[in-house]
Amino acid sequence: MANEANNFQELISHCKEYGYIFQSSEIYDGLAAVYDYGQNGAQLKKNIRDYWWKSMTQLHDNIVGIDAAIFMHPTTWKASGHVDNFSDPMIDNKDSNKRYRVDHLIEGFADEQRTTGNDKLADEVLASMDALLAKDDYAGLKKLIEDNNIKCAVSKTANWTDVRQFNLMFKTEFGAVAADNPDDNIVYLRPETAQGIFVNFLNVQKTGRMKIPFGIAQTGKAFRNEIVARQFIFRMREFEQMEMQFFVRPGTQMEWYNFWSAERKKWHESLGIPAGKLRFHDHVKLAHYADAALDIEFEFPFGWKELEGIHSRTDFDLKQHQEFSKKKIQYFDNDLKEDGKPYGNYIPYVVETSVGLDRLFLTIISLAYAEEKWTKEDGTEDSRVVLKIPAKIAPTKLAILPLLKKDGLPEIARELMNDCKNSFMCFYEEKDAIGKRYRRMDAIGTPFCVTIDHQTKEDNTVTIRYRDTMTQERIAISEVKNLVLEKIS
Ligand code: GAP
């Protein structure tokens, strides 16, 4: 039935028009790469977060959740390597003074080549880029850009500076009293939530009497001074991560790395993401803390991009915090004798799963957005814009719509609303023709609408309409709550 056109710009406008996502501080012309979630967006985001939290902490009896502060002692970031290494190779265009992340500039060029059917060149350029990045060969990267005549989008010239490194952490000052040395007041906005887990490793392990292997999960804001932030909420300067650090015995990390890679891909599929739109991409250049890493990529409207990272972080972080804090951060393995293995006290190895909540939001909403057109039985054309968000995470589950504002129909509708609103998010509306109200509910992605009409007064039945198929059926009003609960569970 549906003729589906998936237009990214229209999706962005739709998100604004229906209270999903607004540009931050829009009345002041916005702040680049920072976004606010509106009434529907905040609820969808919460539902995705809750789904992740539950699957990590409730469905795994060896994973617990914490909520660490955004501000951390500045030494944390020296120990973790972020002060020295959390930087990206950048290049400036001398004519426009615009700065680009080198990999983004080259990837943008490769994407352009694909749109004109030049896949071979795109593949070659990306392979060369990966090899040069792996060797930190900045002169080679500049030559690659020049050889392919890659131009700045603003000046349209290829007049480039040398490639240089820029740190991505935001700094701010802590406390009101000026320190003798200004550097003593500096704190960073965390660029990843993971470090809050590492510095609390022993607190959680001891108070929770956790036995290896076990995980600590956390969701929260992270901040990166991304140089080129683009593609809507794909790359933001303030974003939210959902991370889980899984602590394992040294030597078993690859087993767990493979386990969590497969497990996390399956989890995304459980959210209705088709398997064919997800793939693994192994990292060629590893982060300073990793001995293996891959991305779970999703096919976004603008191409295959990273959705989640799986990293085998070795014992790097805990070892560094042990060294910098001078506090022993080790685990005593009680199972030592049973297994007869040479463990005892050791620093655990870590396998990390790290997904961006905003990126997952974009995944869900871009899959859900559809513009549908069809021919009705009488030969006339009809159309709608619909968000087919999986019912279990849709912001509003049920719309309750009295056909008329009179004859006792609103009272029956309110009674149903009162019965259901404790169990799931409901929406009540009595204004406008019913067809118009259905279209509005389609546009915000409400999976079920119930209409109360005069027949309801006679036989206690209502019409339930299903968003995805637009089919309707008559059911007893007493069945509505259970039907919705069953569909969203
Ligand atoms: N603790 C590991 C870590 O932070 P990462 O690959 O840099 O690893 C993990 O980030 C995830 O966070 C990414 O897969 C992505 O989903 C999300 N992410 C990273 N930078 C982002 C940004 N600027 N905007 C939105 N999401 C971002």
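Each chain carries its own residue numbering, running from 1 in the written order of its sequence. Two thresholds apply to this predicted model, a pLDDT of at least 70 for residue-level local features and 80 or more for giving and counting side-chain atom pairs, whereas whole-chain, interface and lining totals are computed over all residues. Where side-chain values are given, they derive from all heavy atoms of the structure, hydrogens and water being excluded.

Asks: Quick rundown of the overall build of the chain? Include the residues and the values.
Replies: A count of helices and strands for the chain gives 17 helices and 23 strands. Seen through its C-alpha atoms, the chain measures out along the principal axes to roughly 75 × 65 × 50 Å. Taking all 489 residues of the chain together, the buried fraction comes to 49%. Residue contacts are defined here by distance: any two heavy atoms, one from each residue, within 4.5 Å place the two residues in contact. Taking the contacts inside the chain whose residues are at least 6 apart along the sequence as the reference set, 65% of them involve residues at least 24 apart. For the chain, the exposed surface amounts to about 23400 Å²; the carbon and sulfur share of it is 49%. In this description a helix means any DSSP run of H or I spanning at least four residues, a strand means any run of E spanning at least two, and both kinds are numbered starting from the N terminus. Relative accessibility under 20% of the residue-type maximum defines a buried residue, over 50% an exposed one, and the middle range a partly exposed one, all with a 1.4 Å probe and only protein chains included. Residue exposure ignores everything except the shown protein chains as possible cover, and the areas themselves are Shrake-Rupley values with a 1.4 Å probe.

Asks: Can you lay out unusual backbone geometry for me, pointing to particular residues and giving the numbers?
Replies: The residue after Ile212, namely Pro213, is reached through a cis peptide bond having omega 5 degrees. Inspection of the secondary structure puts Pro213 in the loop between α9 (201–207) and β9 (214–223). Unlike most non-glycine residues, Ala33 shows phi in positive territory, near 65 degrees. With respect to the secondary-structure elements, Ala33 resides in the loop between β1 (21–23) and β2 (35–37). Phi at Lys156 takes a positive value of approximately 60 degrees, unusual for a residue other than glycine. Secondary-structure assignment places Lys156 in the loop between α7 (138–147) and β6 (164–167). Assessed through its relative accessible area of 55%, Lys156 is described here as exposed.

Asks: Let's hear about the nonpolar core: which residues, and what values?
Replies: Judged by nonpolar contacts, the single largest core of 58 residues is most densely connected at Tyr20, Ile48, Leu360, Phe361, Leu362, Ile365 and Ile389. Per-element tally for this core: the top contributor is helix α13 (residues 357–368), with 7 residues. With sequence-adjacent residues up to four places away left out, Leu360 is seen in contact with Ile48, Met242, Trp267, His268, Leu271, Ile273, Leu307 and Val355. Counting 23 residues, the second largest nonpolar core, distinct from the first, contains Ala391, Leu416, Ile464 and Ile475. As used in this record, nonpolar core signifies buried Ala, Val, Leu, Ile, Met, Phe, Trp, Tyr and Cys residues forming a set joined through side-chain atoms within 4.5 Å.

Asks: With reference to specific residues and values, describe the environment of Phe71.
Replies: Within the secondary structure, Phe71 sits in the loop between β3 (63–65) and α3 (75–79). The class of Phe71 is partly exposed, set by a relative accessible area of 42%. Between the alpha carbons of Phe71 and Leu189 there is a distance of 6.1 Å; along the sequence they are 118 residues apart. Not counting the four nearest positions on each side in its chain, Phe71 is found in contact with Thr172, Phe174, Val187, Tyr188 and Leu189.

Asks: So, the sheet that holds strand β12 (residues 292–300): which residues are in play, and what are the values?
Replies: Any two strands with at least two DSSP bridges between them are considered paired. Here we have 7 strands laid out as an open sheet, ordered β3-β9-β10-β16-β13-β12-β11, and mixed in their pairing. Of all strands in the sheet, those bounded by a partner on one side alone are β3 and β11 (278–282). Neighbour to neighbour, the strand axes of the sheet diverge by 25 degrees on average, direction disregarded. As paired elements, strand β10 (residues 238–248) and strand β16 (residues 349–356) share 8 bridges and run antiparallel to each other. Looking at the pairing, Val248 lines up with Tyr349 of β16. Here, axes are lines fitted to C-alpha atoms. For helices the fit covers the stretch in contact, and angles between N-to-C directions go from 0 to 180 degrees.

Asks: Talk me through the environment of Ala476; I want residue IDs and the actual numbers.
Replies: Structurally, Ala476 is set in strand β23 (residues 472–476). Look at Ala476 and you get partly exposed, because its relative accessible area is 22%. As for Ala476 and Thr461, which are separated by 15 residues in sequence, their C-alpha atoms are 4.2 Å apart. If sequence neighbours within four positions are ignored, Ala476 has contacts with Asn460 and Thr461.

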